[in-house]
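# Analysis of the macromolecular model
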Amino acid sequence: MKERLIQAVLFICGLFAVVALALITVFIFQAGAPLVARIGLADFLFNANWDPTAKKPSFGIFAMLVGSIWLTAGALLIGVPLGLAVTVFMTDLAPVRLVTIMRPAIQLLAGIPSVIYGFIGLTLLAPLVRRLFGGPGLSVLTGAIVLGVMILPTVISISEDSIRAVPVALRQGALALGATRWQMLSRIVLPAAKSGIVASVILGMGRALGETMAVIMMIGNSLNLPGSVLDAATTLTSNIGLEMAYASGQHREALFATGVVLFVLIMALNSITNAFVKRNRSGRRA
Amino acid sequence: MLIAGCMVTLVGCSSGRTTANALTLSGSTSVSPFAEHLGELYQKQHAGIAINVQSLGSSAGIQAAIQGVAEIGMSSRDLKTEESAKLDQLVIARDALAVVVHPSNQVSNLTQQQVKDIFAGKIVNWREVGGDDARITLVAREAGSGTFAAFEELVLKGIPVTHAALRQGSNGAIRQVVAEDAHAIGYISLGIVDASVRALAIDSIQPTQLEVIAGHYKFVRKFLFVWTKGKPPGTLAQAFIDYVMSEDGQAEFEKLGLIRAS
Amino acid sequence: MTPRRVQSAVFVVIWLAALLTLLTLAVIIGAIIVRGLPMVSLEFLTRAPEDLGRQGGILPTIAGTVLLGVIALIIAVPVGVGAAIYLTEYTREGRLTAIIRFGTESLAGVPSIIFGLFGFIFFVTTLKMGWSILAGALTLAVMVLPTIIRTTEEAILTVPYSYRDTGYSLGATRWEMVRTTVLPTALPGIVTGIILAFGRAVSETAAVIFTAGTALNLPTSLFSPVRTMAVHFYILAVEGISLDKAYATGTVLILTILAINVVANILVRRVSRKVGR
């Protein structure tokens with residue numbers, strides 16, 4: 001009897017995450033979907049004119065979509081090569097002592113609050129970018145560099161797992177055939193760890209896409225379509241963060257609708273990662 | 001079980017949120033710093049009382065007042081018709097909008113037309129208004145903010161700010177960006193102007209309290225307290241409002257760079 | 001170029017990448033602490049802020065941070081640990097666990113601004129909690145739930161099967177076995193997860209600012225609004241209220257995170273030694 005009760009309680013605990021996810025979905029959609037239904041999805045997504053409080057308001061998030069894409073792509077361009085290099089360093093190159101420094105360092109990088117990253121971008125990097133390249137300094141470039149660092153821990157921890165999971169026999173075989181260590185890494189180990197690495201990149205993408213406070217601080221938040229990486233831009237997240245507090249009525253609906261778009265994008269990325277990770281997991285168990 | 005127990009207790013107390021010795025004001029980021037300052041002074045005079053100021057934005061404050069989440073809402077924009085149907089309002093002070101630039105900027109005066117053209121994106125280089133040959137970095141507020149609405153209405157007269165402008169979430173943030181960028185221009189509450197930026201004369205009239213009171217400097221808006229219509233917001237709220245409107249409170253606002261309510 | 005030459009070149013690049021990463025971390029921490037540490041004093045930690053934070057200390061924001069974090073954990077830990085026990089000890093992998101896992105993984109990927117929007121519209125507005133410790137803590141609890149589930153699951157999975165067999169052979173029921181054998185063995189791992197979840201709560205801004213508010217007073221009840229250290233740092237820095245105080249607050253934040261990481265690492269090391277990995 002007691003056993004059954006406990007089992008029931010634990011089961012309910014297990015359902016909590018699912019319930020929470022469902023609640024989030026329902027409430028965000030409820031608040032945002034009506035507006036999209038009214039003005040049409042295509043117009044909402046592909047109209048670059050965001051004038052939520054004008055006499056004839058216009059709710060188009062294209063500029064923010066483009067901003068998010070630029071910023072996320074930039075962050076990946078910086079974070080992924082750097083992250084993979086650090087990963088290979090930790091799995092194959094570093095002396096054991098150095099690994100014991102690197103790992104907590106990466107953890108710390110993951111723990112530093114995003115407002116601190118944003119502050120560093122705002123006070124150190126933006127003035128530097130302004131002095132070196134001109135423009136307002138608060139720009140896609142500044143944001144991408146800092147976000148690139150912010151996604152490092154995500155990229156590293158997951159790709160490290162998958163590289164370490166590559167069977168030793170594969171490594172030994174390659175070396176026995178006379179390959180250099182780099183040949184072994186680049187032609188055998190990294191391809192074998194591919195799905196985990198891809199998963200790490202997608203998760204990093206999700207992190208970059210979802211970051212808000214740091215982005216608000218660093219990219220200037222202009223509503224223009226960015227013409228170069230030195231221009232300011234706005235992302236889906238930063239626009240919500242910036243305007244939410246002031247919004248009412250349709251404007252607020254439009255921000256929740258922006259949230260819906262972000263949420264759908266993130267869930268799509270999650271599902272892709274889940275598929276990759278699952279394949280990876282089952283591969284490892286076999 | 002434990003959780004269920006917690007939930008019940010929590011829901012149980014949710015009705016008793018507003019205690020007799022705590023007051024929540026919520027709203028405009030422009031009004032907040034000043035309300036917070038007066039709140040601090042008030043708390044010093046009255047031990048055991050908490051004046052909580054939530055700096056969230058005019059619309060959020062108005063919403064909060066309508067829904068009763070906050071006793072008093074703070075707004076730096078006029079109420080819309082549907083809002084004023086539900087709320088009582090009181091002008092607590094007036095605030096001038098100053099156009100600010102980096103202290104090193106050569107330009108010290110602009111015509112209103114020039115300000116319009118700059119923020120509309122027609123004038124893009126400081127050279128065109130007598131300054132250095134450098135691209136203008138525009139810094140504006142985001143849509144929905146009271147300052148944004150006031151600036152569009154008072155200064156731009158309905159011309160929208162160009163989408164190329166950088167946007168920042170508060171007066172302080174704009175000041176911060178302008179103070180950092182030698183080619184920037186922005187607009188902020190006169191009470192927020194300090195040595196890190198320089199306020200421009202508009203049509204040769206300096207943005208000062210005297211010029212505002214004399215009626216020469218025109219870019220002036222109202223700061224409002226709002227609360228649910230017909231229902232006094234409670235004794236503490238009333239006491240705080242009385243303090244804000246008292247000679248002491250108004251003098252304090254004046255010291256901070258605002259203009260008295262009347 | 002011979003394969004060996006290529007290898008040397010690539011390895012140099014990789015070494016540089018690793019050093020660059022360490023350097024970046026050092027710059028971030030250094031930039032804050034060098035300017036902030038001299039301004040951190042006992043007074044700074046124990047006094048209320050004055051003049052919007054230009055003067056005085058950060059006591060209410062420390063209280064706000066700790067309260068939000070602790071209450072979030074009080075809510076999330078029982079649920080999260082329970083979920084992990086269910087997933088590992090009470091059920092076979094099947095459709096149901098797949099759904100629970102999907103929910104957990106997805107929740108882990110949801111950006112904090114979405115939690116902020118949700119918390120605002122659900123806890124603050126719909127349930128009428130207002131901007132409050134409770135609304136903030138509940139939002140954070142949902143946010144850290146996946147972290148707790150995942151780390152607890154991992155900790156439980158490291159408990160050797162032989163322990164369980166011993167338990168059963170002594171005639172223990174499943175729950176007795178879990179309570180007396182599995183949980184105590186997995187405890188350090190679980191605690192590590194809890195500490196990391198606390199770290200996540202401490203460093204959060206976007207979800208907290210929309211649910212717990214920005215008021216600078218010492219909270220008096222669960223329904224008081226609070227401003228956390230991270231939010232205070234953000235406001236001081238972005239509004240240009242006081243850069244000195246921003247650096248000082250940032251220093252306290254970073255030192256807190258540093259301490260949390262150190263403690264978590266010590267625990268992890270103890271666990272892995274015990275398990276003999």
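In case you missed it, the structure is sitting above this.
This is a predicted model, so every value here is computed, not measured.

## Some thoughts on the packing of helix α4 (residues 95-109) of chain C against helix α6 (residues 133-157) of chain C
A pair of packed helices can be characterised by two numbers: the angle between their axes and the separation between those axes. All names here are of chain C. Viewed as axis vectors pointing N to C, α4 and α6 meet at an angle of 125°, and their least axial separation amounts to 8 Å. One way to sum up the angle between α4 and α6 is to call them oblique. Note that α4 runs across α6; the crossing there is left-handed. For the pair α4 and α6, contact is made by Thr104, Leu107 and Ala108 and by Leu145, Pro146 and Ile149, respectively.

## A closer look at the nonpolar core
One broad rule of soluble globular proteins: the nonpolar side chains tend to lie buried together. Residue and element names in this part refer to chain C. Ranked by internal contacts, the top residues of the largest apolar core, which has 270 residues, are Leu68, Ala72, Ala76 and Leu145. No other element matches the 16 residues that helix α3 (residues 59-90) contributes to this core. If sequence neighbours within four positions are ignored, Ala72 has contacts with Ala137, Leu140, Ala141, Val144 and Ala201.

## With respect to the interface of chain C and chain A
Interfaces are often described in size by the accessible area the parts lose on coming together. Facing 68 residues of chain C, the contacting portion of chain A comprises 64 residues. The greatest single-element share of the side of chain C that touches chain A, amounting to 18 residues, is contributed by helix α1 (residues 3-36) of chain C. When grouped by side-chain class, the residues that make up the side of chain C that touches chain A number 49 nonpolar, 16 polar and three charged.

## Some details on the packing of helix α5 (residues 114-133) of chain A against α1(C)
The N-to-C vectors of α5(A) and α1(C) enclose an angle of 80°; their axes lie 11 Å apart at closest approach. With respect to their mutual orientation, α5(A) and α1(C) come out roughly perpendicular. Of the residues in α1(C), those in contact with Ile116(A), Ile120(A) and Leu124(A) of α5(A) are Ile28(C), Ala31(C) and Ile32(C). When its residues are assigned to classes, the contact of α5(A) with α1(C) shows six nonpolar, no polar and no charged.

## Here's the deal with the interface of chain B and chain A
On the side of chain A, 23 residues touch chain B, which itself brings 23 residues to the contact. Contributions of two or more residues to the side of chain B that touches chain A are made by α3 (58-67) and β7 (166-168) of chain B. No other element matches α3(B), which puts five residues into the side of chain B that touches chain A. In the side of chain B that touches chain A, the residues fall into nine nonpolar, ten polar and four charged.

## Notes on unusual backbone geometry
Notably, Ser204(B) is not glycine yet its phi reads approximately 65°, a positive angle. Along the chain, Ser204(B) turns up in the loop between β10 (201-202) and α8 (209-213). Judged by C-beta crowding, with 10 C-beta atoms within 10 Å, Ser204(B) ranks as exposed. With a phi close to 55°, Lys128(C) is a non-glycine residue in the positive phi region. Following the sequence through the fold, Lys128(C) ends up in the loop between α5 (112-126) and α6.

Reading guide: rules and limits
- Residues numbered from 1 in each chain as written.
- Chains lettered and ligands numbered in written order.
- Predicted model: local features only at pLDDT ≥ 70, side-chain atom pairs only at ≥ 80, totals over all residues.
- Axes fitted to C-alpha atoms, helices over the stretch in contact; angles between N-to-C directions.
- Helix = DSSP H or I, 4+ residues; strand = E, 2+ residues; numbered from the N terminus.
- Parallel < 35°, antiparallel > 145°, perpendicular 65-115°, else oblique.
- Left-handed = near helix turned anticlockwise from the far one by under 90°.
- Contact = placed C-beta atoms within 7 Å.
- Core = buried A, V, L, I, M, F, W, Y, C linked by C-beta atoms within 7 Å.
- Buried ≥ 20, exposed ≤ 12 C-beta atoms within 10 Å, placed from the backbone.
- Nonpolar A, V, L, I, M, F, W, Y, C, P; charged D, E, K, R; others polar.

Purely spatial values, then, with no claim about function.
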